[in-house]
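# Notes for the structure review
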Amino acid sequence: MISMFEHIIPLFELVVVSYICGALFSLLFRKFGSGKPFFIPTIIGSIFLIVLSLKVIIDGSSLHFELAPDNVFSVNHFLIDGIAAFFLLLIGIVSLSVSIYSLGYIKEYIEDKHVTVFGFFFNTFILSMILLVSSNDVFSFIVFWELMSLTSFFLVIYNHENESNLKAGIIYLIMTNLGTALILASLLLLSSQSGSLSFESFRLSSDSNSAYVKNIVFILAFIGFGTKAGIVPLHVWLPYAHPSAPSNVSALMSAIMIKTAIYGLIRIIYDFSGVGSGVTDNHEFVWWGFLFVTIGAISSVVGVLYSVVEKDIKRALAYSSIENIGIIFIGLGLSIVFLSFDLIYLSAFAMLAAMYHLLNHAIFKSLLFMGAGAIIFRTHTANMEKLGGLVKGMPWTSLFFLVGVLSISGLPFFNGFVSEYLMMLSFLSSYHIPDILIAISVGFASAAFALTLGIVLATFVKIFGISFLSKPRTDIIYRIKEVPHTMLAGMGIVALICIILGLIPFIGITMITHAFNLQLPPNQTLFSFEPILSEFGASNNLSGLSLPIVLMIFVSILVATLGFLYVVGGRTKQRISETWGCGFGYFNERMQYTASSLSQPILHVFRNFYRPSLAIQSILYHSSNSYMKESVKIQISNKNIFEDLMYGPIISSVFKTYERTKKFQTGKINLYLLNVFVIIILLLVYVRLSP
Amino acid sequence: MIYNNILIFLSGTLLIATLVLVIKREFSEWIQAYKYQTIVLSIMTGVIGYITNNWEIYLAAIITFSLKAVIVPKILIKVTEKINYDFKNETTPYISIRLSLVVSTILVALSYFLTQQIQLGEDVIATSFLPVSISLLLIGLLVMIGRRIALNQIVGLLILENGLFLFTLSLTHGISLIIEIGIFIDILVGIVISSILIHRIGYTFDNIDDIHQNRESIEYTEEDD
Amino acid sequence: MMPIETSASVSGVLIGIIQFLVILVLAPLLTGIMRKIKAITQKRTGSSIFQTYFDIHKLMRKDEVVSEEASWIFRFSPWIIFSSTLVVALFIPIFVVYSPFGLGGDIILVIGLFGLSRFFLMLAGLDVSSAFGGIGVSREMMISSLIEPALFLLVFIVAVTYDATNIDTIVSHAAESSVLISASLLFSFFGFFIIVMAETGKIPFDNPATHLELTMVHEAMVLEFSGKSLALIELSQSIKQLLLISLLINFFIPWGISTSFSIAEMFVGLLAFLLKMISLGMLIAYIETKVAKWRLFRIPDLIFLSLASGLMGIIFLFI
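Residues numbered from 1 in each chain as written. Chains lettered and ligands numbered in written order. Predicted model: local features only at pLDDT ≥ 70, side-chain atom pairs only at ≥ 80, totals over all residues.

## Observations concerning the overall build of chain C
Assigned secondary structure in chain C consists of 11 helices and 1 strand. Taken from N to C terminus, the helices and strands of chain C fall in the order α-α-β-α-α-α-α-α-α-α-α-α. Against the globule reference of 20 Å for 319 residues, chain C gives a C-alpha radius of gyration of 19 Å, in line with a compact fold. For chain C, the residues scored as buried account for 65% of the 319 residues in total. (Helix = DSSP H or I, 4+ residues; strand = E, 2+ residues; numbered from the N terminus. Rg over C-alpha atoms; globule rule 2.2 N^0.38 Å. Buried ≥ 20, exposed ≤ 12 C-beta atoms within 10 Å, placed from the backbone.)

In structure tokens form, the structure reads like this:
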């Protein structure tokens, strides 16, 4: 019956066609610069995509597609299984809301730019991600991977008038190409073992590969995909590229593009390496999980530490993406570690936590980037020091942004809390690990994880508090208006999903367990989820977390307090007046705490990490009197230890090598011929000598 | 079994006392915390004496208490009375206090990991106290490395010495009393000599910092802690 | 023994309500007692132990002044702070190993709800655009973000030792266990005590008695509140203090707590709880008198002490 339905409505083809339409329309209808022709096909396509992926997840059966007839590579097959469908669902939801949002947001660029180019790349970008996730062979995987990288590169440098954006684009291009090379090497190594380019053959031959090959494949894939995911120390491109792109593109990149790297890693580890298949000895892979946890913990702490001192909203959000990817890596790593000790339920549970966090991050990070876009749309700046007081002019944007902030901070009733809860329970289960050293390391990693959560709260208090609350720091904000309805609708959709996933975790949990075919103990009820602290069976202690009921109690207490206060205290008046501030009086906007001063204590505590340097410049009225200062300028600048200590030496050594090779480039033909001559002689000798 | 639990609890208490020692910055606070640590140590010594039923160890416990928890702190306080406060207060340690706290937990994990290999058999005291004593040794060294001020390095030495004492005691269950008393007197003499030295240096140079502070270029001069 | 089986019964509901009321009623009293003890140790007479009730009652009847810069977040945050603190109160057993909403009560949820109230408190501090709000928020940001890892590690130890994350189950397991169940609990207790001192704004960390910008952390954030809002904030602050102290008591020194619904046992449980609470309050007040307020940038050292204690507890947990 399912297949019948499939034949009646060719959903996958429809999805592809709508995105292609979106891309073509934007080239064809250059006259209609309003943006509607580009994004409406995208919206339709994303709805189809959501339906398609939900269908696959609910049915639990994978779908095969053939787009083109058999060609020379005989590889043009597409496969959508549960894992792919889960990622497709993410792409669908995010691209739906982002394209609705873009209908309004594109007006930012309509006056002085070719929005048609934007529409073309935007649609191609999403389409390449969809096809990448559903591709079933090395050839199409790499082609769409490169297409995704290239289109996103062009979107990053869309604002190419700005020199720094071009630089960001170049850094991004270099890093992503390095990553692609490694991924290609890893996949080709697999195909050399199986003798075919098709993923199907990888699955079949997964158990026969030697552990040596598997380890090499893993290392290559880990670095390659890790570059795209933005793990520390391969993250350098991310904080440049994400803020440079237009905000809707940043939302797409941060919410789903970096997740495709996680998709690739899951495919390689769980699908092509036979981890957990029962045939191979899982214990060999414990160091994979350990690497994941370590890198994840480092990424999350480093990401959030950079995020908290950042003044630019979009850069702060970009760093926060690094942190969230780190958390997802921790979850995946715990899953692998548990699996290698044959703790199957715990492994499934940790996987669930990681994937729930992935889902959440896609949702709330797109919301936050769209909110940042809304700020830029009205104020044309992302610098927090110039914002403030937006909550009065933009009430809806601020409400949606607040939902995003509450979610990402992991506070109850919002989705971030659920995944962090699941992550914490996975950490608590680590005491089942028989290896003491690994168990203790996981315990230390849990401290890093919790530190991350603590600083995330501070980060987003700062971002929301400085940009939306208090007095406006520039005059333009006094006259600010709310953004167009389409933008609000785009943000509203994801904000709603944040609340739904936060209040009824059951939905997300069921979806993920279906998609990934996870074996969780069956004692789940509709509104509560009973996690396993100890192994299923023996002493299954319950800790039912029924968030809707907690919320009901919360609200009823709120109402009861309201009533109680009016009964006891009677009616009292409220008077609006100046800010008191201990009676000092006369406050202006420059006397408020700024973004950098707000995070200064944290900067001070971790100053060995930031390595801040302070430059004080004072201009005196008269050189004889050093106490009478006309003005004082203080500048705190932080060293970026990764760029200065790691990439700096590498880049400078590369340049040194170039300098040396310059000597051969004299311009004399004779010398070049000599080079060729020497090489030929050497080759001939080598051929003769080799057996 | 119950002994085992009590011993592990005692080693936990000793480690907490050591942690409290590590976060101190000011010399008199150091001495105070060192006193607490030594009191815990002498209780541990007493417990070892009770388990092994050896009166010499009881005596060692009493000597430990009276010498290291009473006399040594008194001497140290007395000699350093007149030294300028700036030279007793650790403001810019080489290894920050927070880092040294985290590193000392790693050292504890390390010493438990290292001693796992050693076959100690049924010896309850050795199995529970040996790792703690090694971690005390390591933490003492860490403190000596990390601190800039010479006075505070003496306390690092004292932690190290406490670790050494526990180490020998847990492995041998009390060497001959004569030797132990000899060691105690050795410590006393060491403390007296070093305090005389501190005293003299303090008067002569009015600065007992082991390295010239002005050679350090401090990048972030806003506020040191 | 799982106390959950009795949760549906009428007496269970009644006991739950009584415990909830006990928290509400005792919280300001605890604040009063601690102030009184502190006053006595400082050789002052001090105000009556019921002064907090009078203050809150007075504040409830006062008119409110709201800053013109303030948005709806400032107006709503006292309510959110108070409600989330009271929801936590529903999860924490006091003198019977049973809390009214124990089934849904989870130690991680409790941390989350405290986080929610702290979040809105910080936003409210920033909302009024006074520099005092900013100073408090920036300090709270530092302290709270460092407390989080320490607290999680300490909870980790407790949860793994007693094999549960549900608070009722933890407490009932703790009440049945012997004193020396695990040495890591010792570290956890030590660390938790530091955290309680930090979270309730006691002296090495914060000094709520003064309104001096050098020492202000919590007070700076609530500076602009008045009238009913301030009453709610003050009340939730003292409830939070009682809740943290009762968590400390019931996790680490639970002996005497009633494990059944018999009147006599519950009476003993209540008495034991009051005794433990007052003696802990005395200990805290003693420390407050003995220790000077630490410099702001030395406070992280203390929190790291708690963190290191948690890490050592983890090591002891696994060996």
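## Examining the interface of chain A and chain C
How big an interface is tends to be stated in terms of accessible area lost as the parts join. With 74 residues of chain A in contact, the opposing surface of chain C contributes 76 residues. Breaking the side of chain A that touches chain C down by element, the ones donating at least two residues are helix H16 (390-393), helix H18 (415-428), helix H19 (436-468), helix H22 (547-569), strand S3 (574-577), helix H23 (595-598) and helix H24 (600-605) of chain A. When residues of the side of chain A that touches chain C are assigned to their parent elements, the largest contribution, 17 residues, is made by H19 of chain A. Classifying every residue of the side of chain A that touches chain C gives 44 nonpolar, 25 polar and 5 charged. Pairing geometry for S3 of chain A and strand S1 (residues 64-67) of chain C, over 4 bridges, is parallel. Directly across from Arg 575 of chain A, in S1 of chain C, lies its bridge partner Val 65 of chain C. (Contact = placed C-beta atoms within 7 Å. Nonpolar A, V, L, I, M, F, W, Y, C, P; charged D, E, K, R; others polar. Pairing = 2+ DSSP bridges.)

## Topic: the pairing of strand S4 (residues 612-620) of chain A
All names here are of chain A. Counted residue by residue, S4 has 0 buried out of 9 residues, so it is predominantly exposed. Bridge count between S4 and strand S5 (residues 629-638): 9 bridges; the pairing is antiparallel. Bridge pairing links Ile 616 to Ile 634 in S5.

## A few points about the nonpolar core
One finds Leu 88, Leu 252 and Leu 352 of chain A together with Phe 156 of chain C to be the most contacted residues of the largest nonpolar core, which totals 401 residues. Counting residues per element, this core draws most heavily on helix H15 (residues 344-379) of chain A, at 22 residues. Sequence-distant contacts of Phe 156 of chain C, that is, excluding residues within four places in its chain, are made with Phe 427, Leu 428, Gly 443 and Ser 446 of chain A together with Ile 314 of chain C. (Core = buried A, V, L, I, M, F, W, Y, C linked by C-beta atoms within 7 Å.)

## Considering unusual backbone geometry
Residue and element names in this part refer to chain A. Residue Pro 233 is reached from Val 232 by a cis peptide bond, and omega for that bond is 5°. Positive phi outside glycine occurs at His 380, with the angle close to 60°. Inspection of the secondary structure assignment puts His 380 in the loop between H15 and H16. Residue class for His 380 comes out exposed when judged on the 10 C-beta atoms lying within 10 Å of it.

## A closer look at the packing of helix H4 (residues 107-127) of chain C against helix H5 (residues 131-162) of chain C
Axes are the key here: two packed helices are described by the angle between their axes and the distance separating the axes. All names here are of chain C. In contact at an axis separation of 10 Å, H4 and H5 are set at 175° when each is read in the N-to-C sense. Of the possible angle classes, the one that applies to H4 and H5 is roughly antiparallel. The segment H4 lies against H5, with Ile 107, Ile 111, Arg 118, Met 122, Gly 125 and Leu 126 engaging Gly 133, Gly 134, Gly 136, Val 137, Glu 140, Met 141, Ser 144, Leu 151, Val 155 and Ala 159. Counted by class, the contact of H4 with H5 contains 9 nonpolar, 5 polar and 2 charged residues. (Axes fitted to C-alpha atoms, helices over the stretch in contact; angles between N-to-C directions. Parallel < 35°, antiparallel > 145°, perpendicular 65-115°, else oblique.)

## Comments concerning helix H21 (residues 505-516) of chain A
Residues and elements named next belong to chain A. Here H21 spans 16 Å end to end across 12 residues, near enough to the 16 Å set by a 1.5 Å rise per residue. When we look at burial in H21, the residues that qualify are Pro 505, Gly 508, Ile 509, Met 511, Ile 512 and Ala 515. Along the axis of H21, the buried residues cluster in a sector spanning 165°; they form a single face. Those residues of H21 that are buried are in contact with helix H3 (36-59), helix H4 (82-105), H15, H18, helix H20 (485-503) and H22. Positive backbone phi, at 55°, marks Asn 517, one or two positions downstream of H21. (Expected span 1.5 Å × (residues − 1). Arc of directions from axis to C-beta.)

## Focus: the environment of Phe 192 of chain C
All names here are of chain C. One can find Phe 192 in helix H7 (residues 184-199). When the 25 C-beta atoms within 10 Å are taken as the criterion, Phe 192 is described as buried. Distance from Phe 192 to Leu 151, taken between C-alpha atoms, is 7.1 Å for residues 41 residues apart in sequence. Setting aside anything within four residues of it in sequence, one finds Phe 192 in contact with Leu 154 and Leu 248.

## Thoughts on H19 of chain A
Residue and element names in this part refer to chain A. In this model, H19 (33 residues) spans 48 Å end to end at C-alpha, consistent with the 48 Å of a helix rising 1.5 Å per residue. With respect to burial, H19 is a largely interior element, 30 of its 33 residues being buried. Residue Ser 470 follows H19 closely and has a positive phi angle near 60°.

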